[in-house]
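Each chain, letter by letter, is given below.
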Amino acid sequence: MAPRPPARVQHHPRAVLFNLYLALVVLACGPAIASPSGEPPIGSPSPGSVTLAPDAKAIYQTIARQVSTIRQLEAPDRVEPVVIDGPTLLRNLQAEFNDANPAEEIAKSERLLRIMGLLGADISLAQAYLDLQGSQVIGYYDPKVKELFIVSRDGALGAIEEVTYAHEFTHELQDRRFNLDSLGLDTIKDDSDRALAILSLVEGDAVSAQIAWMTANLTAAQLGEVAAQASDPAMLAVLARTPRILLETSLFPYQAGPGFVARLQARGGYPSVNAAYGNPPVSTEQILHPDADATTLAPIAMVVPADLAARLGPDWSVAARDTFGELQTRVWLREGGVAGDVARLAAEGWGGDRLVLMDGPDGAAVVVWTTAWDSVQDARAFESAARTALGGLRLDARLASSGVRVAIAIRSAAAPDRSTAAPDDATLVTVLEALIRS
């Protein structure tokens, strides 16, 4: 349950660029992809805006034509970005974050992730997110104000600014054709897995067009410049200290999304990609397994009893809900010490899940996680891996299973008096048994 990025803003992270550079090295061995030759500040220059270099406008216009042709979408008449400096970017990121993530919601996310063992007690989720974004973002498109922003100190264009523009201009093309707001990302409040899946379509599409543009238009020297920017030591230091759940969910749409989009293109070219905006993916499972039939990967609807909190005691209430999905389940298992491939295989049988954070008296809290799996064998594989993870993370938890269902209850280690505040083992087991039978 990581912070929600502002749904109206599509950010371009630097960490993705190095992966793109490596992909281009591979692509160079095969046939090239041909192509023809507060609110963010908008409108007139304002504090933080940077004046474009004399030749920049013509370069941006050329890139816009090339990307529009690659993506097979009509370009707008105005294609010049608003160029801003670094401090303005940071102010915009802070304002956007605060708008999308009320303090109360961030506090709930922190509690849930801490109880799950995914966030250290001394880590501020909001600060970790802003540090990550501040080190990564070099451009973004905002569908709300229909503006594209590029970060630059002096308005000049290097390879990094051109690549960023190619990516963000694809978002502008998407928005004109499909209306990005219609995807409903700003209305998804308690299903981070579904939000990640939709973002993977949007970002995978943009990354694919960006790679095609880079392959056709950048020289070897320019590709080296991109790689150098993407391996900046200060940026890598931020990545190293970012909580794994936040890092994985932030980069997933850019890293896994292109594979999903590539499968759509293989089936029917860009018309297939365009059709996906009318019926977007609903789970990271669909993104991770693009060759599978989407209908067979439809998530199982998980029923959580309306009186779940009351079953823990009279003073308990539901604070937050979420769906982890295959991706975040895999991250949790790995954080608990489950080996990489074992964690991946244990999460692959995911069929559906629901997390519920419940608050009780005297600061007590419990996370109940109910899951469904594609087969009994898949359920047993997850159960075994989950027991390892619970031990590795040293969580105070109880687990129950039956058939394809596995349910876990984790008590907050912060409960000041577990004997009176937190539910006892018998109560937790009763709740878990009710969940796996529902």
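As shown above, the structure is provided for reference.
Numbering of residues begins from 1 in every chain and follows the order in which that chain's sequence is written. Note on the predicted model: pLDDT of at least 70 is required for a residue's local features to be given, and 80 or more for side-chain atom pairs to be given and counted; whole-chain, interface and lining totals, by contrast, use all residues. To get the side-chain values, all heavy atoms of the structure are used, and hydrogens and water are removed first.

## Examining the sheet that holds strand 5 (residues 317–322)
Note the following rule: Strand pairing follows a simple DSSP-based rule, namely that at least 2 bridges must link the two strands. Secondary structure follows DSSP: runs of H or I at least 4 residues long count as helices, runs of E at least 2 residues long count as strands, and numbering of each begins at the N terminus. Lines fitted to C-alpha atoms define the axes, with helix axes restricted to the stretch in contact, and inter-axis angles between N-to-C directions lie between 0 and 180 degrees.
As summarised here, the arrangement of the 5 strands in space is 5-6-7-9-8, forming an open sheet in which the pairing is antiparallel. One side of each edge strand has no neighbouring strand; the edge strands of this open sheet are strand 5 and strand 8 (396–402). Direction aside, the axes of adjacent strands within the sheet are offset by 15 degrees on average. Across 7 bridges, strand 8 lies against strand 9 (residues 405–411) in antiparallel orientation.

## Considerations on the pattern of salt bridges
Under the convention used in this document: The rule for a salt bridge is simple: a side-chain nitrogen of Lys or Arg has to be within 4 Å of a carboxyl oxygen of Asp or Glu. Note on classification: 1.4 Å probe, protein chains only; a residue is buried when its accessible area is under 20% of the maximum for its type, exposed when over 50%, partly exposed between these limits.
Scanning all chains against the criterion turns up 19 salt bridges. Between Asp-396 and Arg-398 there is a salt bridge, and its shortest N-O distance comes to 3.9 Å. The partner of Asp-396 in a salt bridge is Arg-411, and the shortest N-O contact between them spans 3.0 Å. Here Asp-396, found in strand 8, pairs with Arg-411, found in strand 9; they are 15 residues apart in sequence, far enough to count as distant. Here the two residues Asp-396 and Arg-411 agree in accessibility, since each one is buried. Several salt bridges converge on common partners, so that one network encompasses Asp-396, Arg-398, Arg-411 and Asp-425.

## A short note on the environment of Leu-196
Note the threshold: The criterion used for residue contact is that any of the two residues' heavy atoms lie within 4.5 Å.
Topologically, Leu-196 is positioned in helix 7 (residues 192–217). For the pair formed by Leu-196 and Pro-281, sequence separation is 85 residues and the distance between their alpha carbons is 9.2 Å. The residues contacting Leu-196, other than those within four sequence positions of it, are Thr-249, Pro-253, Thr-284, Leu-327 and Gln-328.

## Focus: the packing of aromatic side chains
Basically, it comes down to this: Pairing of aromatic rings covers Phe, Tyr and the six-membered ring of Trp, with a centre-to-centre limit of 6.5 Å; geometry is then stacked below 30 degrees between planes, edge-to-face above 60, and tilted otherwise.
Overall, the coordinates contain 9 aromatic pairs when judged by the stated rule. An angle of 70 degrees between the planes, with centres 5.6 Å apart, marks the rings of Phe-324 and Trp-369 as edge-to-face. With Phe-324 in the loop between strand 5 and helix 14 (325–335) and Trp-369 in strand 7 (residues 365–373), this pair connects stretches of sequence that are 45 residues apart. Of the two residues, Phe-324 and Trp-369, both sit in the buried class. Pairing Trp-369 with Phe-382 gives two aromatic rings, centres 5.7 Å apart and planes at 80 degrees, and the pair type is edge-to-face. Taken together, the residues Trp-369 in strand 7 and Phe-382 in helix 16 (residues 376–392) connect sequence positions 13 residues apart. Across the pair, Phe-382 and Trp-369 agree in class, each one buried. What links up through ring pairs into an aromatic cluster is the set Phe-324, Trp-332, Trp-369, Trp-373 and Phe-382.

## Thoughts on the pairing of strand 6 (residues 350–359)
The buried fraction of strand 6 is high, at 9 of 10 residues. Pairing analysis gives 5 bridges linking strand 5 to strand 6, with the strands arranged antiparallel. Bridged to Arg-321 within strand 6 is Val-356. Looking at chain direction, strand 6 and strand 7 are connected through 9 bridges and run antiparallel. From the neighbouring strand, Leu-357 faces strand 7, where its bridge partner is Val-367. Adjacent in sequence and paired antiparallel, strand 6 and strand 7 are bridged by 5 residues, among which Asp-362 carries a positive phi angle near 60 degrees.

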